[in-house]
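# Descriptive structure summary
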Amino acid sequence: MSPLPRAASPAPPAPPRRGAATPRGRAARVGAIAALAGALVACGVPLCPFAIVTRHPCPGCGLTRATLALAQGRVAEALHFHPLVPIMAPLVIAAIAYNAAVYVKDGRIAATESAQGAWVTRIGVALAVLMVTVWVARFFGAFGGPVPV
């Protein structure tokens with residue numbers, strides 16, 4: 001008579017999750033990135049790689065300064081930095097906030113990639129064309145000329 005097979009012992013409990021694997025860790029990572037970006041903006045460090053390399057403004061140059069001016073109620077100054085700030089600032093802030101929230105909650109990066117459809121594409125293309133049109137027009141003196149880099 002053969003002995004009865006032994007029942008498999010239960011697996012040991014998983015070690016506690018740490019770091020970016022937990023929502024708390026991901027929130028800390030998002031907070032650290034936001035703090036670093038805020039410190040760079042507060043110190044006046046240029047954040048635009050295009051402007052750093054070419055010494056010319058890109059289509060989005062001035063939007064950070066314009067958003068900060070708009071947040072402080074200085075509308076004329078904000079529109080001088082970038083005339084599309086009333087349209088672009090809320091869209092960019094909403095996209096960043098949504099992506100950060102989804103990353104903290106689910107760990108997914110680039111959550112807005114799931115926002116697809118013909119209307120999203122059309123709006124994106126229209127905004128890109130508008131940004132480039134304003135950028136080119138500013139080189140010809142429109143809207144106060146190119147934003148200082």
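Summary of the structure given here. (Residues numbered from 1 in each chain as written. Predicted model: local features only at pLDDT ≥ 70, side-chain atom pairs only at ≥ 80, totals over all residues. Heavy atoms only, no water.)

### Some thoughts on the nonpolar core
Membership of the largest hydrophobic core comes to 17 residues, with the highest contact counts inside it found for Cys61, Val85 and Met88. Of all elements in the fold, only helix 3 (63–71), helix 4 (75–81), helix 5 (85–106) and helix 6 (118–139) reach the threshold of two or more residues within this core. (Core = buried A, V, L, I, M, F, W, Y, C linked by side-chain atoms within 4.5 Å. Buried < 20%, exposed > 50% of the residue type's maximum accessible area, 1.4 Å probe, protein only. Helix = DSSP H or I, 4+ residues; strand = E, 2+ residues; numbered from the N terminus.)

### Section: the packing of aromatic side chains
Tallying each qualifying case throughout the model produces two aromatic pairs. Arranged with centres 6.2 Å apart and planes meeting at 75 degrees, the rings of Phe50 and Trp135 form a pair that is edge-to-face. Taken together, the positions of Phe50 in helix 2 (residues 49–54) and Trp135 in helix 6 put the pair 85 residues apart, joining distant regions of the chain. Between Trp135 and Phe139 the ring centres are 5.6 Å apart and the planes differ by 75 degrees, which places this aromatic pair in the edge-to-face class. One end of the pair, Trp135, and the other, Phe139, are both in helix 6, four residues apart, so they sit about a helical turn from each other. For Phe139, a relative accessible area of 39% corresponds to the partly exposed category. Joined through ring pairs, the aromatic side chains of Phe50, Trp135 and Phe139 make up one cluster. (Phe/Tyr/Trp six-rings, centres within 6.5 Å; stacked < 30°, edge-to-face > 60°.)

### Let's talk about helix 5
A rise of 1.5 Å per residue sets the reference length of helix 5, with its 22 residues, at 32 Å; its end C-alpha atoms lie 31 Å apart and thus fit the reference within 8%. Along helix 5, the positions that sit buried rather than exposed are Val85, Met88, Ala89, Asn99, Val102 and Tyr103. Taken from the residues just after helix 5, Gly107 is the one with a positive phi, measuring 85 degrees. (Expected span 1.5 Å × (residues − 1).)

### Considering the pattern of salt bridges
Scanning the model with the defined rule gives two salt bridges in all. Of the charged contacts in the structure, one is a salt bridge between Arg74 and Glu77, with a shortest N-O distance of 2.5 Å. Note on Arg74: relative accessible area 34%, which makes it partly exposed. Exposure remark for Glu77: the relative accessible area of 31% places this residue in the partly exposed category. Here Lys105 and Asp106 are joined by a salt bridge, their closest N and O atoms 3.4 Å apart. With a relative accessible area of 62%, Lys105 lands in the exposed category. For Asp106, a relative accessible area of 40% puts it in the partly exposed group. (Salt bridge = Lys/Arg side-chain N within 4 Å of Asp/Glu carboxyl O.)

### Some remarks on the environment of Ala51
Inspection of the secondary structure assignment puts Ala51 in helix 2. Assessed through its relative accessible area of 3%, Ala51 is described here as buried. Distance from Ala51 to Cys61, taken between C-alpha atoms, is 7.8 Å for residues ten residues apart in sequence. In this structure Ala51 touches His56, Cys61 and Val149, once residues within four positions along its chain are discounted. (Contact = heavy atoms within 4.5 Å.)

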